[in-house]
Amino acid sequence: MGAAVFAELLRERRLSAGWSQDELAGRSGVSARSISALEAGGRRPRMSSVVRLAEALGVDPDTRARWLAAVRDAGAEEPGGADAPAGARSSAGGRSSGARSSGAADSPPFPRSQAGPGGPTVPQQLPMAIRHFTGRSRELQALDELLGDRIPGCGAVVISAIAGTAGVGKTTLAVHFAHRVAERFPDGQLFANLRGFDPARAPLDAADVARGFLDALGVPAPRIPADPDGQLALLRSRLAGTRTLIVLDNAREAEQVRPLLPGSDTCLVVVTSRNRMPGLVALDGAVPLALDVLSHAEARELLARRLGATPVEEQPDATDELIELCARLPLALNIAAARAADHPGTPLGVWARELRDSRARLDLLSTGDDHADVRVVLSWSYRALDPSAARLFRLLGLHPGPYIGTAAAASLAGLPLPEARRLLTDLHRAHLIAETDRDRYTLHDLLRAYAAERAAAEEPARERAEATLRVLDHYLHTAHRAGCLAYADDASWQPLPLAEPAAGVGPEELTDRARALAWYRGEQPVLERVVDLAHREGLDGHAWQLVDAQVSYLLKSGLWQQWQRASETALAAAERTGDFRGQAQARRWLGQVHRSQGRQPEARHELRLALDLFETLGDRPRQGRTRLDLALALGEEQANAEAVAESRRALELFRTIEDRNGQALALNSIGWYLTHQGEPREGLAQCRQALELARETGNLPAQSSIRDSIGYIHHQLGEYREALPAYQESLRLRQEVGDYFLQADIHTHIGDTHLALGDTGAARASWLRGLAILEHLQHRDADAVRARLDALPEPDPDPEPGPPVEP
């Protein structure tokens, strides 16, 4: 059989269904032009197109088998061929371009996702495929057989547990296969390194992975439950009915994987591990795939692809010896080839001699310790470094990841920035680090473990401690600088004085608000780990101060889950050292988090503890602001009279210490809650006093909040035309200072006023803008805005505005 046979089979089936080529195209996603060419026998069919056509036409398993046989006889085109949709070619073919030299994919645990303009987040987390992928035809065929179209009627998740020793290429195979079939999973591809055999860090538990996947799927932090079971349940709900490919790399045991299995038979999960996981096979229907070292022919082909055919063919004995000394491990062979390629003209026998009769070679061939298999080759590359680059590589093992910028690396090593950049370039060239972004680098698990091991062996304890202190100082002082730039005109930002950074520390040179906010966004995953590192290393003052330096960003960006976790770590750190100021700050942050999430009793408990600590410390400015936090919590429970009382206590404190910013905030709070207890005229007077004070101090966030209050009060008094300009100025100021979350309330209020003025179109537009923010953050207030929209009559056919720009 061949293309002509398939053409006849396809045409007969389409005609029997009574469909035109255009109708089949619409149902299958294969273009009508391609269908016409296939039925004419003028195009070699692609396997993915055949699958889509078979699914659309509802063919039975036997017919599908005949079609696939015809396709194989015709020599099906590879994915990304002529009849592939443009999006599929970009998604699959584009990601597989480029080269990586190591046998394991270099990636942080949760790589970034992509979102289409105005559309839902579609995660595309697969690490870059290796251009020099060699062999593994038997294993790839076995993996292909796991796809749903090869197992008709399969009603369960199919899992491939790829087991093998360190460096054998488990991740490489999984990623290569995933890229080959990525277009079959249009709802996205998820990837996580479970760190099952990381000697330096604990394995990720299922809940941590679930949280990372939920982030990748676009679920904002506030919607993610705090408890692990809830996170796992939400992940299963999100995956239900989707066609998603999930790669769980480097698993240690079945229990690390089992909770992450989706309940949908449309998903495919690929698991890699050094263990065979018989429980996953026996209880969960996993299909095991043992992965051995490369055959000698495959290893030779790999070296020829990396180095060119000429040196391999002209030096057969040296090539064979090098292959055997590397134990035919893909990771070892790739790094060896990279080293040889970096020294063109050097005979391969030189590289083989370096391994001969050495302790490294014995480690490579050892079967007692998986890490020994790759340590030798890593040490080979490491020994070739100059002393300065080798030192930087060792110190990178002390950094918590998932990536490090050039400036942070310079501080870690106590080097000038140009020197650090040069050394990082050397390490990147030697394939000991990977560049994830401009001026940002990462190490995969084996390299990070090896770097930490070399640091422990070669760096004195004092040097390691000083390097850790320098990198913590780097992030602390940079975050402090970012806060001063981003929130300089915000009375709620009260930076604590910091000690001078350690010698050799060079904080990032941030110059304006935009760069400060961009730094916060880019470094937020690193800051989470840095806080944990400080606490783990007993540098508890750094731990809670690092939280203090980023808490305004977390609050204003709506990152409540990260805010809560960081605050809990800060509290533990401050309690361990008996630091009352750190405890007071952390309890206030926790109170704010609880209030934002609707847990008012917990909020009041934490805030009153914080208030007591600030009183003990004699810190009256923060006493006043904590009282305003308490007023907010009380107001959430409709205890308006108590909220007014707390606000008046705060005002008295601020007047005593002549804090005009604090007075403005307190007067605004008094006016707001007086209005809510039925005294809008008195409330308006209080807010106007507050606005005058905020103007005098230049406090833009306070002015925005006060103008929102004034607009709200005018609205309650029926003075809608006075309310609207107050709201609009409030929104302009909030956008100017970059407070993303707080814009949502103002959009909602503007919509309410437009509706009161009879302009339902403008009301709808404003509510949609506010709803877009709340849905992005998955905030509980979104339901109230949806209810407003549902109550409106059907909209005019005019196009509606899109969502606001994300922060």
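These numbers come from a predicted model, not from an experiment.

A.B. asks: An account of the nonpolar core is requested, with residue identities and associated values reported.
C.D. replies: In this structure, Leu385, Phe393, Leu396, Leu427 and Tyr475 are the most contacted members of the largest nonpolar core, which totals 80 residues. A total of 10 residues in this core trace back to one element, the largest contributor, which is helix α25 (residues 513-536). Excluding anything up to four places from it in sequence, Leu396 contacts Ile404, Leu412, Leu424, Leu427, Ile433, Leu443 and Arg448.

A.B. asks: Hey, could you go over the environment of Pro220 for me, with residue numbers and the actual values?
C.D. replies: Within the secondary structure layout, Pro220 lies in the loop between α9 (206-216) and α10 (228-239). The exposure class of Pro220 is buried, given its relative accessible area of 9%.

A.B. asks: Describe in detail the pattern of salt bridges, supporting the description with residues and values.
C.D. replies: It is possible for side chains bearing opposite charge to pair when their charged atoms get close. As enumerated under the stated definition, the model contains 37 salt bridges in all. A salt bridge links Glu466 to Arg462; the shortest N-O distance between them is 3.1 Å. With Glu466 and Arg462 both in helix α24 (residues 461-486) and four residues apart, the pair spans about one turn of that helix. By relative accessible area, which is 30% here, Glu466 ends up partly exposed. Among the residues examined, Arg462 registers a relative accessible area of 64% and is labelled exposed. Its salt-bridge partner being Arg581, residue Asp619 comes within 2.8 Å of it at the nearest N-O pair. With a gap of 38 residues between them, Asp619 in the loop between α29 (600-617) and α30 (620-636) and Arg581 in helix α28 (residues 580-596) connect regions that are remote in the sequence. What makes Arg581 partly exposed here is its relative accessible area of 26%. When salt bridges that share partners are traced, they join Arg394, Glu453, Arg454, Glu458 and Glu459 into one network.

A.B. asks: Which residues make up the side chain of Asp619, and what values go with them?
C.D. replies: On the basis of relative accessibility, which here comes to 8%, the residue Asp619 falls in the buried class. The contact partners of Asp619, leaving out residues within four places of it in the chain, are Arg581 and Phe614.

A.B. asks: Quick rundown of the packing of α24 against α25? Include the residues and the values.
C.D. replies: Viewed as axis vectors pointing N to C, α24 and α25 meet at an angle of 145°, and their least axial separation amounts to 9 Å. Handedness of the crossing formed by α24 with α25: left-handed. Across the interface between the two elements, Thr468, Leu472, Tyr475, Thr478, Ala479, Ala482, Gly483, Leu485 and Ala486 from α24 touch Arg513, Ala516, Leu517, Trp519, Tyr520, Glu523, Val526, Leu527, Val530, Leu533 and Ala534 from α25. For the contact of α24 with α25, a count of residues per class yields 15 nonpolar, three polar and two charged.

A.B. asks: Explain the packing of aromatic side chains to me, using residue names and the numbers behind them.
C.D. replies: Under the criterion given, the structure shown has four aromatic pairs. Judged by centre distance (4.9 Å) and plane angle (10°), the rings of Tyr520 and Tyr553 are stacked. Of the two residues, Tyr520 sits in helix α25 while Tyr553 sits in helix α26 (residues 540-556), which places them 33 residues apart along the sequence. By the burial criterion, Tyr520 is buried, and Tyr553 matches it. Where Trp672 meets Tyr712, the ring centres are 4.6 Å apart and the plane angle is 35°; that geometry is what we call tilted. One end of the pair, Trp672, is in helix α32 (residues 660-676); the other, Tyr712, is in helix α34 (residues 700-716), and 40 residues separate them in sequence. When sorted by exposure, Trp672 lands in the same class as Tyr712, which is buried.

A.B. asks: Could you give me a rundown of helix α37 (residues 760-777), with the residues and numbers involved?
C.D. replies: Between its terminal C-alpha atoms α37 stretches 26 Å, which fits the 26 Å expected from 18 residues at 1.5 Å a residue. Here α37 has its buried residues at Ala762, Ala763, Arg764, Ala765, Ser766, Trp767, Gly770, Leu771, Ala772, Ile773, Leu774 and Leu777. Close packing links the buried residues of α37 with α27 (560-577), α36 (743-756) and α38 (782-791). In the stretch just after α37, Gln778 is the one whose phi turns positive, near 50°.

A.B. asks: Break down the pairing of strand β6 (residues 268-273) for me, with residues and values.
C.D. replies: For β6, the buried fraction is high: six of the six residues fall into the buried class. With burial as the criterion, each face of β6 is covered, one bearing Leu268, Val270 and Thr272 and the other bearing Val269, Val271 and Ser273. Two elements, strand β5 (residues 245-251) and β6, share five bridges in a ladder whose sense is parallel. Within β6, the residue paired with Leu245 across the bridge is Leu268.

A.B. asks: Tell me about the packing of helix α31 (residues 640-656) against α32, and name the residues and values.
C.D. replies: Each pair of packed helices can be summarised by the angle the axes make with each other and by the distance between the axes. At a minimum axis distance of 8 Å, the contact between α31 and α32 shows a crossing angle of 160°. As summarised for this structure, α31 and α32 are arranged roughly antiparallel, according to the angle between their axes. Considering how the two elements wind past one another, α31 and α32 form a crossing that is left-handed. On the side of α31, the interface is formed by Asn640, Ala643, Val644, Ser647, Arg648, Ala650, Leu651, Phe654 and Arg655, while α32 contributes Gly662, Gln663, Ala666, Leu667, Ser669, Ile670, Tyr673, Leu674 and His676. Residue classes in the contact of α31 with α32 are distributed as 10 nonpolar, six polar and two charged.

A.B. asks: Describe in detail the sheet that holds strand β10 (residues 440-442), supporting the description with residues and values.
C.D. replies: The pairing of strands in a sheet comes from backbone hydrogen bonds and takes either a parallel or an antiparallel form. With respect to topology, three strands assemble into an open sheet ordered β8-β10-β9, the strand pairing being antiparallel. In this open sheet, the two edge strands, each paired with only one partner strand, are β8 (404-405) and β9 (434-437).

A.B. asks: Can you lay out the environment of Ser567 for me, pointing to particular residues and giving the numbers?
C.D. replies: Positionally, Ser567 belongs in helix α27. By relative accessible area, which is 0% here, Ser567 ends up buried. Within the structure, Ser567 has its side chain in polar contact with the backbone oxygen of Trp563 (distance 2.8 Å).

A.B. asks: Account for unusual backbone geometry, naming residues and giving values.
C.D. replies: Cis geometry marks the peptide bond from Gly401 to Pro402, where omega comes out at 0°. Following the sequence through the fold, Pro402 ends up in the loop between α20 (387-396) and β8. Even without a glycine there, the phi angle at Glu658 is positive, about 55°. A relative accessible area of 69% places Glu658 in the exposed class.

A.B. asks: So what's going on with α20? Residues and values would help.
C.D. replies: With seven of 10 residues buried, α20 lies mostly within the body of the structure. Within the sequence span of α20, burial applies to Ala389, Ala390, Leu392, Phe393, Arg394, Leu395 and Leu396. Capping the start of α20, Asp386 holds a side-chain oxygen 2.9 Å from the backbone nitrogen of Ser388, two or three residues further along.

A.B. asks: Provide a residue-level description of the side chain of Arg627, including the pertinent values.
C.D. replies: Position of Arg627 relative to the elements: it lies in helix α30. Those residues in contact with Arg627 that sit more than four places away from it in its chain are Leu611, Glu615, Glu646, Arg649, Ala650 and Leu653.

Parameters at a glance
- Residues numbered from 1 in each chain as written.
- Predicted model: local features only at pLDDT ≥ 70, side-chain atom pairs only at ≥ 80, totals over all residues.
- Heavy atoms only, no water.
- Core = buried A, V, L, I, M, F, W, Y, C linked by side-chain atoms within 4.5 Å.
- Buried < 20%, exposed > 50% of the residue type's maximum accessible area, 1.4 Å probe, protein only.
- Helix = DSSP H or I, 4+ residues; strand = E, 2+ residues; numbered from the N terminus.
- Contact = heavy atoms within 4.5 Å.
- Salt bridge = Lys/Arg side-chain N within 4 Å of Asp/Glu carboxyl O.
- Axes fitted to C-alpha atoms, helices over the stretch in contact; angles between N-to-C directions.
- Left-handed = near helix turned anticlockwise from the far one by under 90°.
- Nonpolar A, V, L, I, M, F, W, Y, C, P; charged D, E, K, R; others polar.
- Phe/Tyr/Trp six-rings, centres within 6.5 Å; stacked < 30°, edge-to-face > 60°.
- Expected span 1.5 Å × (residues − 1).
- Pairing = 2+ DSSP bridges.
- Parallel < 35°, antiparallel > 145°, perpendicular 65-115°, else oblique.
- Polar contact = N/O pair within 3.5 Å; in protein donor to acceptor, adjacent residues only side chain to side chain.

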